[in-house]
Every structure is written in C-alpha cells, then in structure tokens.
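Residue-level listing of the chains:
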Amino acid sequence: MADKSFKLEQVLAYRGEMEKLCKQEFATAKQGLEKANDLLLRDEEHVNELTQEFTCRQQELDCIDEMRMYSDFFARKREEIKSQRERVEHLDQVMNERREDLLEATKDKKVLESLKQKKLDELRQAVKQKERDFLDEISIQKKVQ
C-alpha cells in the first residue's frame, strides 16, 4: 500500500502553492504597470491639451508673469512625465521578473506532476500484469484439474 502513494505529494502541493503565489505576484505587478501606464498617458494628454491652449492664448497674454507661469508649469510637467516614464520602466522590469518566476514555478510543478503521472502509469501497469498473471494461473489450474 505504501508504494501506491506518491512520495513527493507534499512537495507537489508546496510547488502548487508557490505557483499560486507567483501568479498573484505577477497579477499585482501587471496591474501596477497598467495603472502607471494609464497615469502616464493621462499626463501626456493633459500636457498636449495645455500646450495647444497655450499656443492659442500666446497672443493674448499680456504679462510676462503669465508666460513664466506657463513655462514653469510645463517644465514641472516634463519632469513629472520623465519620472513617471522611469517608474513605468521599473514596473515593467518587475513584471518581467515576476513572469519569469511564474514560469519557473510552473515548470517545477509540471515536472512533479509528470513524475506523479509516470508513477501512476507504472502502478497501473503493475496491477494489470498481476491480474494477467493471476488469470493465467487460474486458467492453468483449471486445465490441470
């Protein structure tokens, strides 16, 4: 009976849990990247709209202070967008690392699953062989009697 159980069942369960954890980490990283990308796109669209507005209003601006405010605003927004792009790149790297971890965890689990299936197939073959041997023995005994 001890031969019938898969000896590495606990390891397989552990690897299954590790795979689930890696899936969750990957999903979290992917979600963070998508949010950061959305924020970057919104910021870029906002700056483009304000640039168009500034271009249209440039002739109407009377005071150098207004021009300076626009200039300062655009400089600050460029820095924010640059910072957000760096954040997106970092999150993309994190997501790729999580993807690699997930692939590795999946491979590890599949190796054990295939080993378990192989052992199960061997057990079935052994049982079939014992049944054949038993039936052969019965048929031989009937012929002898």
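Residues numbered from 1 in each chain as written. Predicted model: local features only at pLDDT ≥ 70, side-chain atom pairs only at ≥ 80, totals over all residues. Heavy atoms only, no water.

Counting its secondary structure elements, the protein chain contains two helices and zero strands. Expected size for 145 residues packed as a compact globule is a radius of gyration near 15 Å; at 33 Å, the protein chain overshoots this value by more than 25%. In terms of principal-axis extent, the alpha carbons of the protein chain reach across some 120 × 25 × 15 Å. Across the 145 residues that make up the protein chain, the buried fraction comes to 19%. When contacts within the protein chain are restricted to residue pairs at least 6 apart in sequence, long-range pairs at least 24 apart make up 82% of them. Split by element, the accessible area of the protein chain, about 11,800 Å² in all, is 52% carbon and sulfur. Averaged over its 30 positive side-chain charges, the protein chain has a centre that lies 11 Å from the centre of its 34 negative ones. (Helix = DSSP H or I, 4+ residues; strand = E, 2+ residues; numbered from the N terminus. Rg over C-alpha atoms; globule rule 2.2 N^0.38 Å. Buried < 20%, exposed > 50% of the residue type's maximum accessible area, 1.4 Å probe, protein only. Contact = heavy atoms within 4.5 Å. Areas by Shrake-Rupley, 256 points an atom, 1.4 Å probe, with all protein chains shown as cover. Lys, Arg positive; Asp, Glu negative; His and termini not counted. Charge placed at Lys NZ, Arg CZ, Asp CG, Glu CD.)

To continue, consider the nonpolar core. The biggest cluster of nonpolar side chains holds 18 residues, and the ones touching the most others in it are L33, F54, Y70, F74, V88 and M95. Listing elements by their share of this core, those giving two or more residues are α1 (9-57) and α2 (64-144). If you tally residues by element for this core, the top one is α1, at nine residues. Contacts of V88, omitting those with residues within four sequence positions, involve L33, A36, N37 and L40. (Core = buried A, V, L, I, M, F, W, Y, C linked by side-chain atoms within 4.5 Å.)

Any aromatic ring pair is given by two values, namely how distant the centres are and how the planes are angled relative to each other. Scanning the model with the defined rule gives four aromatic pairs in all. Centroid distance F54 to Y70: 4.8 Å. Interplanar angle 45 degrees. Geometry classified as tilted. With F54 in helix α1 and Y70 in helix α2, this residue pair connects regions lying 16 residues apart in the sequence. Of the residues examined, Y70 reaches a relative accessible area of 14% and is grouped as buried. Residues F54 and F74 carry aromatic rings whose centres are separated by 5.8 Å and whose planes lie at 75 degrees to one another, so their mutual orientation is edge-to-face. Here F54, found in helix α1, pairs with F74, found in helix α2; they are 20 residues apart in sequence, far enough to count as distant. Judged by its relative accessible area of 12%, F74 falls in the buried class. (Phe/Tyr/Trp six-rings, centres within 6.5 Å; stacked < 30°, edge-to-face > 60°.)

In this section: a negative patch on the surface. Where like charges cluster on the molecular surface, the negative patch consists of E25, E97, E100, D101 and E104. The element that contributes the greatest number of residues to the negative patch is α2, accounting for four residues. Within the secondary structure, D101 sits in helix α2. With a relative accessible area of 37%, D101 lands in the partly exposed category. (Patch = residues over 30% accessible without salt bridge, like charges linked within 9 Å, V, L, I, M, F, W, Y side chains within 5 Å. Salt bridge = Lys/Arg side-chain N within 4 Å of Asp/Glu carboxyl O.)

This part is about the side chain of D43. Mapped onto the elements, D43 comes out in helix α1. Among the residues examined, D43 registers a relative accessible area of 15% and is labelled buried. Residues in contact with D43, not counting those within four places in the same chain, are K77 and I81.

Once that is clear, we can look at α2. Taking 1.5 Å as the rise per residue, α2 with 81 residues should run 120 Å; its terminal C-alpha atoms sit 118 Å apart, in good agreement. Burial in α2 covers these residues: Y70, F74, K77, I81, Q84, V88, L91, M95, L102, A105, K109 and L112. The elements touched by buried residues of α2 are α1. (Expected span 1.5 Å × (residues − 1).)

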